[in-house]
Every structure is written in structure tokens, then in C-alpha cells.
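Fold and geometry: a report
Listed below are the residues making up each chain.
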Amino acid sequence: MKRLASICGFFVFLSFLLFFPKHALAHTKAGLMLWFYTLLPSLLPFLILSNLLLHTGILDGLMQKSQRFWRKCFCLSSQGAYALVLGIFCGYPMGAKITADLYQKHQISREEAYYLLTFSSYPGPSFLSAYLCTGLLNRQELVIPTYIIIYLSGFLCSLCTRRIYRPTSLSSDIFLTKKEISSSLPFGELLDISIMNGFETIIRLGGYIILFSILQGILKLLFLPFPNVKYLILGFVEVTTGTSELLHSSYPLSLSYPLALGFTSLGGLCIAAQTKSVLGNTNLPMKPYILGKLCSSVCTFFLAYLLVKIIKIVI
């Protein structure tokens with residue numbers, strides 16, 4: 001059955017490229033530009049820096065002083081807190097990427113990695129403020145409420161999922177000491193490794209973005225007679241184009257704003273595929289990530305809906 005679905009998907013993509021070349025080229029260019037102008041400059045430096053921190057052991061010193069705060073508020077080790085912080089400030093899929101790297105290097109336990117996957121992946125602040133609130137909505141006054149809704153929903157999600165995965169505390173038999181973590185390689189070699197690892201990850205993510213941009217072109221043609229359904233499906237597939245289509249739809253802003261935030265929190269199939277890719281070298285499953293994204297998406301939608309209906313920020 002899976003093989004049949006793969007073959008059908010291949011022929012659908014091929015047919016779209018052959019019989020709708022103008023649409024295919026436009027969506028391919030859109031995906032490429034999104035990767036080149038947004039993902040590459042915003043994510044690649046953090047990928048390189050993060051790899052350096054993990055290889056050299058500097059991470060322990062950076063996060064150790066605030067360890068008590070992270071344990072009390074989020075039930076995280078100082079290493080796990082690093083994945084959460086970069087996940088918030090760098091956007092998708094940085095939180096999952098750092099979680100996978102920490103787990104591979106035995107700096108966090110399997111339980112903590114599961115727990116982190118449920119709430120460490122967020123849209124970047126620049127996406128929320130510059131693209132969503134200012135670019136699409138043209139409502140700068142919604143920037144702060146949007147931040148609060150997105151990040152509060154993640155915290156609420158962590159309160160639920162920590163009861164399921166119960167992250168364990170640090171122990172000497174699980175975690176490496178700083179001396180063991182630190183690499184004996186010269187700094188120049190470590191920098192080369194970090195750069196190559198960063199480019200490998202970013203190019204892989206670019207391929208997923210282009211493929212899902214083409215998929216969106218196919219879905220737009222298929223659901224052209226059903227515009228209201230089309231907006232919801234596009235939002236579920238890819239968050240950038242999906243939110244743009246949704247906020248320019250015939251839906252009232254009092255509904256389109258909560259839906260757009262819900263899809264942004266969910267991330268869509270494109271972000272899920274990118275997350276699966278960065279977890280590929282580990283034995284970490286996608287189930288915690290999916291559970292966390294569904295939980296935070298529902299929380300985000302209802303918080304935004306309450307904001308609209310009760311506080312009346314959006315008219």
C-alpha cells in the first residue's frame with residue numbers, strides 16, 4: 001500500500017511538472033527564494049555556532065548558572081534548556097535539531113529528548129512579527145499578543161507532556177563530563193566539521209521546502225473549485241504560503257487570525273518533514289513531536305480566539 005502511494009505521488013508530481021510547467025516553475029522559484037532569503041541567512045549561522053558549542057563543551061559553562069530556573073520552571077537540564085532557547089529564537093526546526101544533537105552526544109537522556117520534542121520547536125520571532133503581523137496583517141499592535149499566545153501555548157503544552165514523559169534528572173551514568181565532551185581536535189578542524197554539518201542540514205531542509213512548494217501548487221489546482229477547503233489544506237501543508245492564502249481569503253479576520261496562529265504553531269507537513277530529517281540519524285521517534293504540535297496548535301487557536309472574542313483586539 002505504501003509503495004502504491006509512493007508511485008502515485010511520483011506520477012502526480014511528474015505530471016504537474018510536465019503539463020503545468022509555468023505553475024511548477026513559479027512554485028519552485030518561490031520555494032527556492034524562501035530558502036535562500038529566509039532560512040539560509042537566519043538558520044545557518046546558528047547551526048554552525050551550535051555545532052561548535054556542542055563539540056567544544058562550552059555549552060555547559062553558558063547554561064550552568066541558570067540551571068535552577070530551567071529545572072524549576074520547565075523540568076529541563078541546562079543542556080536541554082539550550083535546545084529550548086535556540087528553538088524559540090531561531091525558529092523551525094532548530095529546537096528538534098539541537099535536541100537530536102544533544103541526545104546523540106549523550107548530554108540529555110532519552111526521556112528528556114522525548115519531552116523536548118513536544119515543545120522546543122517554534123516559529124521564529126521574525127516570522128511572527130515581520131511576516132505574519134506586519135507583512136500579512138498590517139497590524140503591528142498584534143505583535144506582542146501574538147508572541148504571548150504562541151509561547152504561552154508551548155509552555156502549557158509542556159505542563160501536559162511532562163506528565164507523560166517524566167524527564168529524568170542528570171546522573172553520572174547518562175551524561176558525559178565536560179572533559180569527555182570536549183573534543184581533542186584542533187579548533188580549525190572543529191570549525192570545518194561544524195560548517196559542513198550546518199550546510200548539510202540547511203541544504204536538506206531546502207530540498208523539503210522546494211518539494212512542498214510544488215505540492216502546494218498541485219493542491220491549488222486540485223482544490224480550485226473549493227476555495228474555503230483549499231485555504232485550510234494549504235495551511236496544514238506549509239505554514240508560510242498557507243497563512244498568506246488564509247489571511248487573504250474570504251474568512252473574517254476574527255476567524256482567519258486564530259486559524260493562522262494555529263497553523264503557525266502546528267508548523268504543517270513541511271516542518272514535520274524537516275523535523276523528521278534532522279532526527280534521521282537518531283532513534284528518536286516523531287510521536288512526541290506530533291503530540292506536542294497538536295496540543296500547542298489547539299491551545300494556540302483557542303487562546304487567539306479568546307483574544308479576538310473577549311478582548312476584542314481584532315475587529
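Quick caveat, the model's predicted, so the values are computed rather than measured.

Over the atoms rolls a probe the size of a water molecule, and its path tells where empty space is left. A complete count under the given rule lists 1 cavity of 30 Å³ or more for this structure. As a volume, the largest cavity reaches approximately 40 Å³. T118, F119, S121, Y122, I150, S153, G154, S265, G292, K293 and S296 together form the lining of the largest cavity. Of all elements in the fold, only helix 7 (110–119), helix 9 (143–165) and helix 16 (287–311) reach the threshold of two or more residues within the lining of the largest cavity. Partitioning the lining of the largest cavity into residue classes produces 3 nonpolar, 7 polar and 1 charged.

Our next topic: the environment of Y115. Checked against the element boundaries, Y115 lands in helix 7. Taking relative accessible area as the criterion, Y115 reaches 0% and is therefore assigned buried. The spatial distance from the C-alpha of Y115 to the C-alpha of E245 is 33 Å, given a sequence separation of 130 residues.

The next point concerns the packing of helix 13 (residues 239–247) against helix 14 (residues 253–266). Helix 14 packs onto helix 13 with a crossing angle of 175° between their chain directions and a minimal axis gap of 9 Å. Comparing the axis directions of helix 13 and helix 14 gives the class roughly antiparallel. In this structure, helix 13 uses V239, T243, L246 and L247 to contact helix 14, whose residues at the interface are L253, S256, Y257, L259, A260, F263 and T264. Residue composition of the contact of helix 13 with helix 14, by class: 8 nonpolar, 3 polar and no charged.

Moving on to the packing of aromatic side chains. If you walk through the whole model with that rule in mind, you get 16 aromatic pairs. Taking the centre distance of 5.7 Å and the plane angle of 80° together, the rings of Y114 and Y165 count as edge-to-face. Taken together, the residues Y114 in helix 7 and Y165 in helix 9 connect sequence positions 51 residues apart. On the accessibility criterion, Y114 (16% relative accessible area) is buried. Three or more aromatic residues joined by ring pairs form one cluster here, namely F69, W70, F74, Y115, F119 and F155.

Opposite charge on two side chains permits pairing when their charged atoms draw close. Taken as a whole and judged by the stated rule, the model has 4 salt bridges. Here K97 ties to D101 by a salt bridge, and the two come within 3.4 Å at their closest N and O atoms. Of this pair, K97 and D101 both sit in helix 6 (residues 94–104), 4 residues apart, which is roughly one turn of that helix. Each member of the pair, K97 together with D101, is buried. We note a salt bridge from K220 to E245, for which the minimum N-O separation is 3.1 Å. Taken together, the residues span a long stretch of sequence, with K220 in helix 11 (residues 187–222) and E245 in helix 13 at a distance of 25 residues.

A few words on the confidence of the model for the chain. Averaged over the chain, the pLDDT score is 85; the fraction of residues at 70 or greater is 90%. Taking the mean pLDDT of every element in the chain, the minimum, 44, falls on helix 10 (residues 178–181) and the maximum, 94, on helix 7. Of the regions scoring below 50 in pLDDT, residues 170–182 engages in 27 contacts with residues more than four places distant in sequence or in other chains.

This part covers helix 16. In an α-helix, one full turn covers 3.6 residues, which means residues spaced three or four apart are oriented alike. Here helix 16 spans 35 Å end to end across 25 residues, near enough to the 36 Å set by a 1.5 Å rise per residue. Residues of helix 16 that are buried include every one of P288, Y289, G292, K293, S296, S297, T300, A304, L307 and V308, and no others.

The rules behind these values
- Residues numbered from 1 in each chain as written.
- Predicted model: local features only at pLDDT ≥ 70, side-chain atom pairs only at ≥ 80, totals over all residues.
- Heavy atoms only, no water.
- 1 Å grid on protein atoms, 1.4 Å probe; cavity = no way out; pocket = protein on both sides within 12 Å on 5 of 7 lines; lining within 4 Å.
- Points joined across faces, edges and corners; volume = space filled by probe spheres on them.
- Helix = DSSP H or I, 4+ residues; strand = E, 2+ residues; numbered from the N terminus.
- Nonpolar A, V, L, I, M, F, W, Y, C, P; charged D, E, K, R; others polar.
- Buried < 20%, exposed > 50% of the residue type's maximum accessible area, 1.4 Å probe, protein only.
- Axes fitted to C-alpha atoms, helices over the stretch in contact; angles between N-to-C directions.
- Parallel < 35°, antiparallel > 145°, perpendicular 65-115°, else oblique.
- Contact = heavy atoms within 4.5 Å.
- Phe/Tyr/Trp six-rings, centres within 6.5 Å; stacked < 30°, edge-to-face > 60°.
- Salt bridge = Lys/Arg side-chain N within 4 Å of Asp/Glu carboxyl O.
- pLDDT = per-residue confidence, 0-100.
- Expected span 1.5 Å × (residues − 1).

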